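Each chain, written out:
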Amino acid sequence: MEEKNGATSKAGDWRSYERVLLPPVRDLHRLEVYEQNGGYEALREVLTSDKWDPTSVTNEVRNSGLRGRGGAGFLTGLKWTFMPPVDPNIPRFLCGNGDESEPGTFKDRQLMEFNPHLIFEGMLIASYAMSITTSYLYVRGEFADWISLMEVELAKAYEKGYVGKNVLGTDFSTDLVIHKGAGAYICGEESSLMISLEGERPYPRAKPPFPAQRGLWNYPTTINNVETLACVPLIINRGGEWFADLGSHRHPGPVLYGISGHVNRPGVYEYPTGMLITDLIYDVAKGMRGSKKLKAVVPGGSSTPILRADQIDGVTMDAETLRDAGSMMGTAGMLIMDEDTDIVSWLRRVTRFYHHESCGQCTPCREGTGWIENIVTRIDEGAGNLRDLDLLIDLCFQMEGRTVCALADAAAWPVRFTIERFRDEFEARCRPSLVPSGGVLTPALGP
Amino acid sequence: MPTVTIDNQEFEFEGNPILLQFCLDHDIELPHFCYHPAMSAPANCRQCLVEIGTPEIDRGTGEPRLDEDGNPVIRFFPKMMTGCSEDISDGMVVKTHRSSELVREAQKDNLEFLLINHPLDCPICDQAGNCPLQIQAYKYGPEGSRFEFRKVSKPKHIELGPRVVLDAERCINCTRCTRFTTEISESHQLTIIERSVWNYPMTPPGVDFDEPYSMNVIDICPVGALTSKDFRFKARVWEMSSTPSITIGNAKGSNCFYWVKDNLVQKVTPRTNMEVNEYWLPDEDRLDYDVFNENRPEGPTIAGQSASWDDAKTAAADLLKNVDANGIVFLGSAFACVEDNYLLGELASALGAAAPSYIQHIEPGAGDGWLITDDKTPNASGCERLGIRPLDATLLRSRIQGGDVKLLYVLQDDPVAAGICEAADLAGVSVILHHTNTTNETLVAANVALPAATVVETVGTFVNQDGHAQRVWPSKAIRGVNRTLSMEIGKSRADKHGTPFDRWFDEDHLVDCQPGWVVIPEIADLLDIELRFKGPRDIMLKVSSENEAFGGATYDAMAEPGVRLVDVGAEV
Amino acid sequence: MTDFIKDPVILMPERHPEPVFSTEELVFTAEETRQIATWVSQYPTADGAIMKVLWMAQEKFGFLPPEVIRLSAGALGMPYARAFGVATFYTQYFKSKKGRYVLDVCTCFSCQICGGYDMLHYLEEKLGAHAGETTDDGLFTIQEVECLGACGSAPMLQITNGPYVMNLTEEKIDALIDALKRDQLPFFSSVTLPQDEDDLGGNRRTDVRDTLTYSAPPVAKTLG
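Residues numbered from 1 in each chain as written. Chains lettered and ligands numbered in written order. Predicted model: local features only at pLDDT ≥ 70, side-chain atom pairs only at ≥ 80, totals over all residues. Heavy atoms only, no water.

### Let's talk about unusual backbone geometry
Okay, step 1: Here the amide bond leading from Pro208 of chain A into Pro209 of chain A is cis, since omega sits at 0°, within 30 degrees of zero.
Okay, step 2: Following the sequence through the fold, Pro209 of chain A ends up in the loop between α8 (190–197) and β4 (221–225).
Okay, step 3: One non-glycine residue, Asp7 of chain B, lies in positive phi territory at about 50°. (Helix = DSSP H or I, 4+ residues; strand = E, 2+ residues; numbered from the N terminus.)

Here it is, written out as structure tokens:
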């Protein structure tokens, strides 16, 4: 089926794809409308039908092949099985990660705006599958308006008995709490998110132990992205097999592509995974703005490695293909840049982002992000040296994999890959080196 | 027994040791900054990265998979792991910088990062010479820096509280200090503020870092970010000798080092003893060292006039000779060591006088259940174990006022200041006084004053309120020659830095004083009382063999950690 | 933030600042206290509610001077220092007094290459204040912020941690400033999904006043 449409798209007949995460139903965000359109049926079935118990729900999710939509692309069902056996004396928690702060990513916000109950329902089913009695929906503080909208809908869901004590009259009780962040990219990192919830400075925690062993307040915890959780009711309703058949079979399911940058029609689009990047740019997003030539694509948020225009032919949006192409699926928040884009200036701003958002806990990230911004700034201003480029790559390797969380990696990849893939543009900005890289230099004196 | 292989060497282990601690315990130096054995391990400095592998387990059999040679197949983690956050497991294979180029690179890279924004102001930094960052940068760091930008400039010389000064630029954000205030002292006075490279430890506005244990953060700070307001710029670490000892302001007998330069105590820092004070020392124990440096007597006096030691001892013996034993009151001292008190008791008994008693110095409510105690003396328990009982102050006062007391022999205490009597009350009493400071208010009434060596000048044994017997070494020299002290001082003050700057043989600031275990036997000698010992070591041999309350408390057994004595019922 | 790389100086904090609010002002009402109790019940430990309490306190007092952070921590029985560490970590908690309206202009990533800096510079010139500064009349604070998660609607800004203003143009900024001077905050605007335009013929939400569509971003004149 992957070969059905176009030479290499894995998204099948995507033009006639019918949306499931954001189906075309007016006012679906309202509980009444959501219910009229089969809302909370998956939850009801899971709770009341003999077919389902926590294990079978987890297995269904596992069989669906659902992978996390928050960036790392980990198998969701497998993650759920990491939770230890239930002990009634030990609380267990679920976190819905709606912190969505990865630059270039704006799909979770639209999902929260247009289909919040799907997220709630997904969280409730996940809570049932993992015997969780409290789940937190962590939403970045900037989304204040969307939080307010969701609070209204959540209150309705409580009132209707979908959440709270004895859900739908069964003996399953679970609470759902919306937690508002306050402006910190790091809180999208799962351990940081948990510590933020605990009311401490959200410094990521070393793993292992993993959240399933020691999570929130040191109790077993699972963290999933909100879009991931929104897939769960769909899997229950339509079956894991249906999900697994959608899109790329090793990274299946519907996905919200957030397309931004120099295209005629940016926006959030729902299609199966495995869409050709070229289809997304030239067909879905209606081509390049002003018919300019494509220069580069960042496929899944700022930390995923940039792809040059000549690297995207035949590349589809799924983990395996993107990895082979030298990048990652990330959040599927795609930035499209046209030929006029100054890639050096762009990278400078990216490095500033990571410098500002590093939590400051680990040495390589706290110090490295600032140093990198310094160097890229210098290059951007025409005062860089050729050896700076090698130094930058060196620093990236000094940061990658050496910190508690992956922020250092996320900060290093764009630098390393952008220089690698646009080296000529960086070299054109640099002065020739007077001292070879690694030489001992007289440090520039401060004022 | 389960085993772990570190750099191709196999070790057995028990329980669940932390890899970094295990290495340190086995003399494998693993550079680190943020890890502290008493606190949680945030793994934030990233300096103790090592390669870790574990045996591959065959899913079918549950047994380790073996290679062709029958050795377990080891699967290494894809990334280096921090030793401080990893528990050792059976069959684990670890490569440190001693066997892995990757780890050496990682250590070097990390130190390069640590140093880019660290002011290289070692020449004016108190920590220099004893600084983990300096030492590890020297041993494991890069040769130069590739950083060519302005260093981040952060606030300097902030008085966080009355005793601790912060230089935020030097901070490497290891969070040891904030973890100390949240996990150990629980004062919650410090936090890291801001984030990214902007962050540093601070009190929240309106709060002073004034908790009674604040100065511990100075010791655990792995750089010179937190320094002592009292000690700042007073001496370089290589100019001082440091001697293991105990503090004397509390009955806890917290273990410490006395740092001495020019025969003056410059600072007091904690010495680890898990039986007593673990790693910590209250601020008050660190700042009371003036008693060792200031107002020290300049030799013995007779009736207020300077005298030679021989004359003073003779005068004391004469006084003792000419008084009826019933008229002599011996006051032992909870400030003096077991040896001195023991000798005093022996002297009293030989003279047929009543056994000594000691003045209690108890401030009810001062204690905190930790290292600060109500009892402000170091050796009340030692006195009790010798049979020296607390003084009945009222009784003694009435006896003095009634003229019953003819001679008062005081070992290292101050009955006037303690409110037992007025100096004037002692007009008709002969007073022999071993005093440590000229501020002693009983001194004006002393017929014979014999300057006593303090804890930093003597050798002796102290028993803390929990029954822990600990010996001390002389931290500084006294005027005159004493073979025992010279020997002990030589052992204790071996120059740790191999430099000739230590001035302990210098004549400046030498105090003309004598330990009780020198003076009391000599007075006894003049009275034809046999009270000769080769030295305090022999005294304790005798005491520990005769008195079961001191069983086992020989110098050899006590060494640096001390000996926990048998419980003798209610401790003081 | 902008010139930190050139002049990386972190200033000495005020150790013992004069309180902005009097002790009489520094109280939570009975209703607020009830609200706090509800929040506390949502977490296993009271500390979990600190972010919500700080948000409420910021709403009530306008910003979070130390005494307000202390009040918030006290309401939960949590150490003041910890609450202070939390408050200073997050950018949305205002530790100093801001203008009546805080204009957070996104210049990050997509917004950068779609004219975010053009809008920031226009705003700076229009209001006569740099990013990080407050206008002399105390009405506006301009801030340059990181990605706000509205990349498809670049360039955009957020007003005082509240409404988003998408697809900025100079005219739109002019109108916005005029409206804010009259204390008229923009309404919540929903951005129609392109697929909804095709399938539903417009926005799916009937309960919002303002709808926008995703459209081609402007050409950025400057990137920094």
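### Remarks on the sheet that holds strand β8 (residues 164–166) of chain B
As a general point, the strands of a sheet are linked pairwise by backbone hydrogen bonds and lie either parallel or antiparallel.
All names here are of chain B.
Okay, step 1: Taken in spatial order, the 3 strands line up as β7-β8-β11 in an open sheet, and their pairing is antiparallel. The open sheet terminates on both sides in strands that have one partner only, identified here as β7 (158–159) and β11 (226–228).
Okay, step 2: Bridge count between β7 and β8: 2 bridges; the pairing is antiparallel. Looking across to β8, one finds that Ile158 is bridged to Leu166. (Pairing = 2+ DSSP bridges.)

### A closer look at the nonpolar core
Okay, step 1: In this structure, Leu137, Tyr257, Ile259, Ile277 and Trp346 of chain A together with Tyr90 of chain C are the most contacted members of the largest nonpolar core, which totals 247 residues.
Okay, step 2: With 9 residues, helix α6 (residues 116–129) of chain A is the largest single contributor of residues to this core.
Okay, step 3: Membership of the second largest hydrophobic core comes to 65 residues, among which are Tyr289, Ala312, Val518 and Phe550 of chain B. (Core = buried A, V, L, I, M, F, W, Y, C linked by side-chain atoms within 4.5 Å. Buried < 20%, exposed > 50% of the residue type's maximum accessible area, 1.4 Å probe, protein only.)

### Re the domain arrangement of chain C
Okay, step 1: You can read the domains of chain C as domain 1 (30–89) and domain 2 (101–213).
Okay, step 2: Placing the centre of domain 1 of chain C and that of domain 2 of chain C at their C-alpha centroids yields a distance of 29 Å. (Domains from an automatic or database assignment.)

### Thoughts on the interface of chain C and chain A
Much of the literature gives interface size as the accessible area that the parts lose upon coming together.
Okay, step 1: At the junction of the two partners, chain C supplies 72 residues and chain A supplies 88 residues.
Okay, step 2: With both sides pooled, the region where chain C packs onto chain A buries about 6400 Å², and carbon together with sulfur makes up 56% of that total.
Okay, step 3: Together, Phe89, Phe109 and Arg204 of chain C form the three largest contributors to the area buried by chain C at its contact with chain A, with a combined 13%.
Okay, step 4: Our count for the contact surface shared by chain C and chain A stands at 8 salt bridges.
Okay, step 5: Arg265 of chain A serves as the salt-bridge partner of Asp198 of chain C, at 3.3 Å between the closest nitrogen and oxygen.
Okay, step 6: Viewed at the interface, chain A and chain C are joined by 45 residue pairs in polar contact (both at pLDDT 80 or more).
Okay, step 7: Secondary-structure elements contributing two or more residues to the side of chain C that touches chain A are α2 (50–61), α4 (80–89), α5 (110–113), β2 (140–145), β5 (189–192) and α8 (194–199) of chain C.
Okay, step 8: A total of 6 residues in the side of chain C that touches chain A trace back to one element, the largest contributor, which is α8 of chain C.
Okay, step 9: Broken down by class, the residue content of the side of chain C that touches chain A amounts to 37 nonpolar, 22 polar and 13 charged. (Contact = heavy atoms within 4.5 Å. Buried area = accessible area lost by both parts, 1.4 Å probe. Salt bridge = Lys/Arg side-chain N within 4 Å of Asp/Glu carboxyl O. Polar contact = N/O pair within 3.5 Å; in protein donor to acceptor, adjacent residues only side chain to side chain. Nonpolar A, V, L, I, M, F, W, Y, C, P; charged D, E, K, R; others polar.)

### Observations concerning the side chain of Asp318 of chain A
Residue and element names in this part refer to chain A.
Okay, step 1: If you trace the backbone, Asp318 turns up in the loop between β8 (307–308) and α12 (319–325).
Okay, step 2: On the basis of relative accessible area, Asp318 is assigned to the buried category, the value being 0%.
Okay, step 3: A distance of 2.7 Å separates a polar atom in the side chain of Asp318 from a polar atom in the side chain of Thr321.

### With respect to the confidence of the model for chain A
Should pLDDT be low for a region, the predicted coordinates there are not to be read in detail.
Residues and elements named next belong to chain A.
Okay, step 1: Chain-level statistics for chain A give a pLDDT mean of 94 and a share of 95% at 70 or above.
Okay, step 2: Contacts of residues 1–6 to residues separated by more than four positions or lying in other chains number 11 contacts, the stretch itself having pLDDT below 50.
Okay, step 3: Every residue in residues 438–447 scores below 50 in pLDDT, and together they form 8 contacts with partners more than four places removed in sequence or on other chains. (pLDDT = per-residue confidence, 0-100.)

### As for the interface of chain A and chain B
Okay, step 1: Taken together, the contacts link 41 residues of chain A with 36 residues of chain B.
Okay, step 2: In total, chain A and chain B occlude about 3400 Å² of area from one another, counting both sides; carbon and sulfur atoms represent 53% of this.
Okay, step 3: In this assembly, chain A and chain B are joined by 5 salt bridges.
Okay, step 4: One salt bridge in this structure joins Arg387 of chain A and Glu148 of chain B, with 3.3 Å as the shortest N-O distance.
Okay, step 5: The tally of links from chain A across to chain B stands at 22 residue pairs in polar contact (both at pLDDT 80 or more).
Okay, step 6: Listed by contribution, the elements that provide at least two residues to the side of chain A that touches chain B are α13 (343–357), α14 (363–380) and α15 (386–399) of chain A.
Okay, step 7: In terms of residues, the side of chain A that touches chain B owes the most to one element, α14 of chain A, which gives 9 residues.
Okay, step 8: A class-by-class count of the residues in the side of chain A that touches chain B yields 17 nonpolar, 14 polar and 10 charged.

### Observations regarding the domain arrangement of chain A
All names here are of chain A.
Okay, step 1: Domain annotation for chain A reports domain 1 (24–244), domain 2 (254–338) and domain 3 (343–429).
Okay, step 2: Inter-centroid distance (C-alpha atoms) of domain 1 to domain 3 is 34 Å.
Okay, step 3: In this complex, domain 1 contributes 11 residues to the contact, which on the side of domain 3 involves 9 residues.
Okay, step 4: Summed over both sides, the interface of domain 1 with domain 3 buries roughly 880 Å², with 71% coming from carbon and sulfur.
Okay, step 5: For the interface between domain 1 and domain 3, the tally reads 0 salt bridges.
Okay, step 6: For the pair domain 1 and domain 3, the interface holds 2 residue pairs in polar contact (both at pLDDT 80 or more).

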